[in-house]
Amino acid sequence: MKIALANDHAGFALKEEIKQLVEEEGHEVVDFGTHDEESCDLPDFIYPASLAVAKGEVERGIFVDGVGYGSAMIANKIYGLNAAVCQDPFCAELARSHSNTNVLCIGGKIIGSAIALKTVDVWLNTAFHEEEKYKRRVEKVNRIAEKHLKEI
Ligand SMILES: O=P(O)(O)OC[C@H]1O[C@@H](O)[C@H](O)[C@@H]1O
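Quick notes on the rules
- Residues numbered from 1 in each chain as written.
- Predicted model: local features only at pLDDT ≥ 70, side-chain atom pairs only at ≥ 80, totals over all residues.
- Heavy atoms only, no water.
- Near = heavy atom within 4 Å.
- Polar contact = N/O pair within 3.5 Å; in protein donor to acceptor, adjacent residues only side chain to side chain.
- Areas by Shrake-Rupley, 256 points an atom, 1.4 Å probe, with all protein chains shown as cover.
- Nonpolar A, V, L, I, M, F, W, Y, C, P; charged D, E, K, R; others polar.
- Core = buried A, V, L, I, M, F, W, Y, C linked by side-chain atoms within 4.5 Å.
- Buried < 20%, exposed > 50% of the residue type's maximum accessible area, 1.4 Å probe, protein only.
- Helix = DSSP H or I, 4+ residues; strand = E, 2+ residues; numbered from the N terminus.
- Contact = heavy atoms within 4.5 Å.
- Expected span 1.5 Å × (residues − 1).
- Phe/Tyr/Trp six-rings, centres within 6.5 Å; stacked < 30°, edge-to-face > 60°.
- Lys NZ or Arg CZ within 6 Å of the ring centre and 35° of its normal.

Novice: I'd like a rundown of the site of the ligand, residues and numbers included.
Specialist: The environment of the ligand is made up of Asp 8, His 9, Ala 10, Asp 65, Gly 66 and Val 67. One nitrogen or oxygen atom from the side chain of His 9 is found 2.8 Å from an oxygen atom belonging to the ligand. Here the ligand loses 56% of its free accessible area of 370 Å² to cover by the protein chains. Residues that form the shell around the ligand fall into these classes: two nonpolar, two polar and two charged.

Novice: Can you explain the nonpolar core? Please cite residues and give values.
Specialist: Ile 18, Val 22, Ile 62, Ile 106 and Val 120 are the most contacted members of the largest nonpolar core, which has 21 residues in total. If you list the elements that add at least two residues to this core, you get β1 (2-7), α1 (12-24), β3 (60-65), α4 (89-97), β5 (103-107) and α5 (113-125). Ranked by residue count, the leading element in this core is α5, at five residues. Not counting residues up to four positions away in its chain, the partners in contact with Ile 18 are Leu 5, Ile 62, Val 64, Ile 106, Leu 117 and Val 120.

Novice: Tell me about α1, and name the residues and values.
Specialist: Between the first and last C-alpha of α1 there are 18 Å, a value that for 13 residues agrees with the 18 Å anticipated at 1.5 Å per step. Considered for burial, the residues of α1 that qualify are Phe 12, Leu 14, Lys 15, Ile 18, Leu 21 and Val 22. Tucked into the core, α1 has its buried residues touching β1, β2 (28-31), β3, β5 and α5.

Novice: Please set out the packing of aromatic side chains residue by residue, giving values where relevant.
Specialist: As enumerated under the stated definition, the model contains zero aromatic pairs in all. The side chain of Arg 60 reaches across the aromatic face of Trp 123, ending 4.8 Å from its centre.

Structure representation (structure tokens):
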């Protein structure tokens, strides 16, 4: 897959580790930055990466900030994106198998890199369970987004 990575200063160190894992698993990374730990504003990096997911330029996104929710706030404002904050592999498994998320958000200050990398690995390698109830629920979420769609 082609995967967008994006982060702020607080997520930079973990993003670098995630980038290595994602590439080792054979995926192509598009890194939207930021590229160091100098203080910056999260939306300046997460929004362009989110647009790349929305436009289909990449298949999925993995966004890293200090705690994760900031990235999810941005991504979930954009039509076509369903982002989950996952800080453990169990959550990552359900975020794919039940919710078919196309964006994973992680907090670099919250979990250690071993759990973070396992979380990413599970999220990348878990398929959506095409069960009627899960499809119905995801479709209901997408219909809410459609109802409030102004532009892509
Ligand atoms: O390093 P500062 O700017 O204080 O805090 C930034 C982080 O704190 C939270 O808002 C976000 O997770 C963001 O990544």
